[in-house]
Amino acid sequence: MADAALFEFLHMEMVAELWAHHSDPGPGGTPLLTLLRQIFSREHRTSLYAVLGQKMSLSVLEGMGFRVGQALGERLPQETLAFREELDVLKFLCKDLWVAVFHKQMDSLRTNHQGTYVLQDNSFPLLIRMASGPQYLEEAPKFLAFTCGLLRGTLSTLGIKSLVTASVASLPTCKFQVVIQKT
């Protein structure tokens, strides 16, 4: 139980730290920053830096999750790595991996049998503390980026290249869409 709380606190701190750096980087910097200063007024630059910073933060969180997912996938028992079907791999993610990370199973798994899977968690642990009001709905994506990377990294270790996105219609329910990249 303590490890779940530690993971939640660590995750919240990662998100908070990455979101704390969305201001004007100041004088100097890269040629791109110099060009932005010449083209845009200070007001426009501040909002542009915020948008670029948010996208960069999401990318960093997703990358961290990807690496953790790879590490988890590398520690799987060898018999687990012998899945024959994509659907079996996704079932493994919904049951075993989700229990290992979040101490609960995913609530549902749906597929169109054409390489697209939707995994739904009706009480996603990293969103439960935000579920007190709809005003937090727009903040949810930054709390899902790490988990998208986690899923993608684990799938990568299992030999499946994928694109993973997340959506939230109401807190704390979230859906992860996994699109298998055919080569």
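Residues numbered from 1 in each chain as written. Predicted model: local features only at pLDDT ≥ 70, side-chain atom pairs only at ≥ 80, totals over all residues. Heavy atoms only, no water.

(A) How the structure looks around the packing of aromatic side chains. All chains considered together, the criterion is met by five aromatic pairs. The interplanar angle of 65° and the centroid separation of 5.1 Å between the aromatic rings of Phe102 and Phe124 together place this pair among those described as edge-to-face. Taken as a pair, Phe102 in helix H4 (residues 86-102) and Phe124 in the loop between strand S2 (116-121) and helix H5 (145-157) lie far apart in primary sequence, 22 residues in all. The exposure class assigned to Phe102 is buried, which follows from its relative accessible area of 6%. Note on Phe124: relative accessible area 0%, which makes it buried. Between Phe124 and Phe176 the ring centres are 5.6 Å apart and the planes differ by 70°, which places this aromatic pair in the edge-to-face class. Here Phe124 is found in the loop between S2 and H5, whereas its partner Phe176 is found in strand S4 (residues 174-180), with 52 residues between them in sequence. For the pair Phe124 and Phe176, one class covers both residues: buried. In this structure an aromatic cluster arises from ring pairing among Trp98, Phe102, Phe124 and Phe176. (Phe/Tyr/Trp six-rings, centres within 6.5 Å; stacked < 30°, edge-to-face > 60°. Helix = DSSP H or I, 4+ residues; strand = E, 2+ residues; numbered from the N terminus. Buried < 20%, exposed > 50% of the residue type's maximum accessible area, 1.4 Å probe, protein only.)

(B) Geometry of the nonpolar core. Grouped together as the largest cluster of nonpolar side chains are 38 residues, with contacts concentrated most on Leu119, Phe124, Leu127, Phe176 and Val178. For this core, the elements supplying multiple residues, two or more each, are helix H1 (2-19), H4, S2, H5 and S4. Aside from chain neighbours lying at most four places away, what touches Val178 is Leu90, Gly115, Thr116, Tyr117, Leu119, Leu155, Ser162, Leu163 and Val164. (Core = buried A, V, L, I, M, F, W, Y, C linked by side-chain atoms within 4.5 Å. Contact = heavy atoms within 4.5 Å.)

(C) A look at the sheet that holds S4. In spatial order, the strands read S1-S2-S4-S3; together these four strands make up an open sheet with antiparallel pairing. Unpaired on one side and paired on the other, strand S1 (108-111) and strand S3 (162-167) mark the two borders of the sheet. Between one strand and the next, the sheet's axes are offset by a mean angle of 20°, whatever the strand orientation. By the bridge criterion, six bridges tie S2 to S4 in an arrangement that is antiparallel. Counted as the bridge partner of Tyr117 is Val178 from S4. Contacts between H5 and the sheet are confined to S3 and S4, with S3 contributing the most and set at about 155° to the helix. (Pairing = 2+ DSSP bridges. Axes fitted to C-alpha atoms, helices over the stretch in contact; angles between N-to-C directions.)

(D) Broad picture of the environment of Leu109. Note on placement: Leu109 falls in strand S1. For Leu109 and Leu90, which are 19 residues apart along the polypeptide, the C-alpha to C-alpha distance reads 8.0 Å. Here Leu109 is in contact with Leu87, Leu90, Lys91, Cys94, Tyr117, Val118 and Leu119, once residues within four sequence places are set aside.

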